[in-house]
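Per-entry structural report
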Amino acid sequence: KDLARQQGEDEGFNKDVLMSRRNIEVFLNAPAFAVVGASESPYKFGYKCFACYLQHGRKAYPVNPTVESVMGEKAYADLASLPEAIESISIITPPAVTEKVIQDAIACGVKNVWMQPGAESRAAVEAAIAAGINLIYGGPCLLVELGCL
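Residues numbered from 1 in each chain as written. Predicted model: local features only at pLDDT ≥ 70, side-chain atom pairs only at ≥ 80, totals over all residues. Heavy atoms only, no water.

Side note on helix H6 (residues 122-130)
Taken together, the buried positions of H6 are Ala124, Val125, Ala127 and Ala128. Buried residues along H6 cover an arc of 165 degrees about the axis, so they all sit on one side. One or two residues past the end of H6 sits Gly132, with phi positive at roughly 80 degrees. (Buried < 20%, exposed > 50% of the residue type's maximum accessible area, 1.4 Å probe, protein only. Helix = DSSP H or I, 4+ residues; strand = E, 2+ residues; numbered from the N terminus. Arc of directions from axis to C-beta.)

Structural notes on the pattern of salt bridges
Enumeration over the complete set of coordinates arrives at three salt bridges. Lys100 serves as the salt-bridge partner of Asp104, at 2.7 Å between the closest nitrogen and oxygen. Here Asp104 and its partner Lys100 are both found in helix H5 (residues 95-108), four residues apart, which amounts to about one turn of the helix. Note on Asp104: relative accessible area 22%, which makes it partly exposed. Its relative accessible area of 51% is what places Lys100 among the exposed residues. (Salt bridge = Lys/Arg side-chain N within 4 Å of Asp/Glu carboxyl O.)

Things to note about the nonpolar core
Leu79, Leu82, Ile89, Ile91, Ile102, Val113 and Met115 are the most contacted members of the largest nonpolar core, which totals 25 residues. Those elements giving two or more residues to this core turn out to be strand S1 (33-36), strand S2 (60-63), strand S5 (88-91), H5, strand S6 (112-115) and H6. It is H6 that contributes the most residues to this core, four residues altogether. In this structure, Ile89 is in contact with Phe27, Ala34, Val36, Leu79, Val101, Ala105, Val110, Asn112, Val113 and Trp114, ignoring residues within four places of it in sequence. Listed in part, the 17 residues of the second largest apolar core include Ile24, Ala30, Ala60 and Ile92. (Core = buried A, V, L, I, M, F, W, Y, C linked by side-chain atoms within 4.5 Å. Contact = heavy atoms within 4.5 Å.)

Observations regarding the packing of H5 against H6
In contact at an axis separation of 8 Å, H5 and H6 are set at 15 degrees when each is read in the N-to-C sense. Considering the angle they form, H5 stands roughly parallel to H6. For the crossing formed where H5 meets H6, the hand is left-handed. Only Ala123, Ala124, Ala127 and Ala128 of H6 make contact with H5, whose side of the interface consists of Thr98, Glu99, Ile102, Gln103 and Ile106. Per-class residue counts for the contact of H5 with H6 are six nonpolar, two polar and one charged. (Axes fitted to C-alpha atoms, helices over the stretch in contact; angles between N-to-C directions. Parallel < 35°, antiparallel > 145°, perpendicular 65-115°, else oblique. Left-handed = near helix turned anticlockwise from the far one by under 90°. Nonpolar A, V, L, I, M, F, W, Y, C, P; charged D, E, K, R; others polar.)

Observations concerning unusual backbone geometry
A positive phi is found at Met71, a non-glycine position, where the angle reads about 55 degrees. Positionally, Met71 belongs in the loop between strand S3 (69-70) and strand S4 (73-74). Met71 sits in the partly exposed class, given a relative accessible area of 39%.

Some words on the packing of aromatic side chains
For the structure shown, the criterion picks out four aromatic pairs. Here the aromatic rings of Phe33 and Tyr53 are separated by 4.6 Å at their centres, their planes lie at 20 degrees, and the arrangement is stacked. One end of the pair, Phe33, is in strand S1; the other, Tyr53, is in helix H4 (residues 45-55), and 20 residues separate them in sequence. Overall, the relative accessible area of 0% leaves Tyr53 in the buried class. Through pairs of rings, three or more aromatic residues link up here, namely Phe27, Phe33, Tyr53 and Trp114. Over the ring of Phe45 we find Lys48; its NZ or CZ atom is 5.3 Å from the centre of that ring. In this arrangement the basic side chain of Lys74 is found over the ring face of Tyr76, its NZ or CZ atom lying 4.9 Å from the centre. (Phe/Tyr/Trp six-rings, centres within 6.5 Å; stacked < 30°, edge-to-face > 60°. Lys NZ or Arg CZ within 6 Å of the ring centre and 35° of its normal.)

Right, dumping it as structure tokens:
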């Protein structure tokens, strides 16, 4: 089964409520963003997501422990290394990595998380919900929402 179908069938797992227009508005109203999984490759979604924030005049930080910079901007190894507290993060990582990122986000006081399509895992979603994080997952894409595609 695909993840979305499995999640939708599990009791108490109501993604329709979590992905309301209000969740997205709250997420996008943050003063700055972090893109966890930002990439140097213009062909990867981590690059495109980071570029999308910048194209819309948003302050954004790339987070990726394996690169020094993305689009000329200094990359940070993790959320704790960022030069300021961040309210909203986009996650573009494999699901197993997303689970660790969510734990880091909780520890850093992140309020809003957007798991881009393909980054989700049930454990990560449940941990974010349990921590009271405003969560977007299971379908909406930042690139579509901001009109970058």
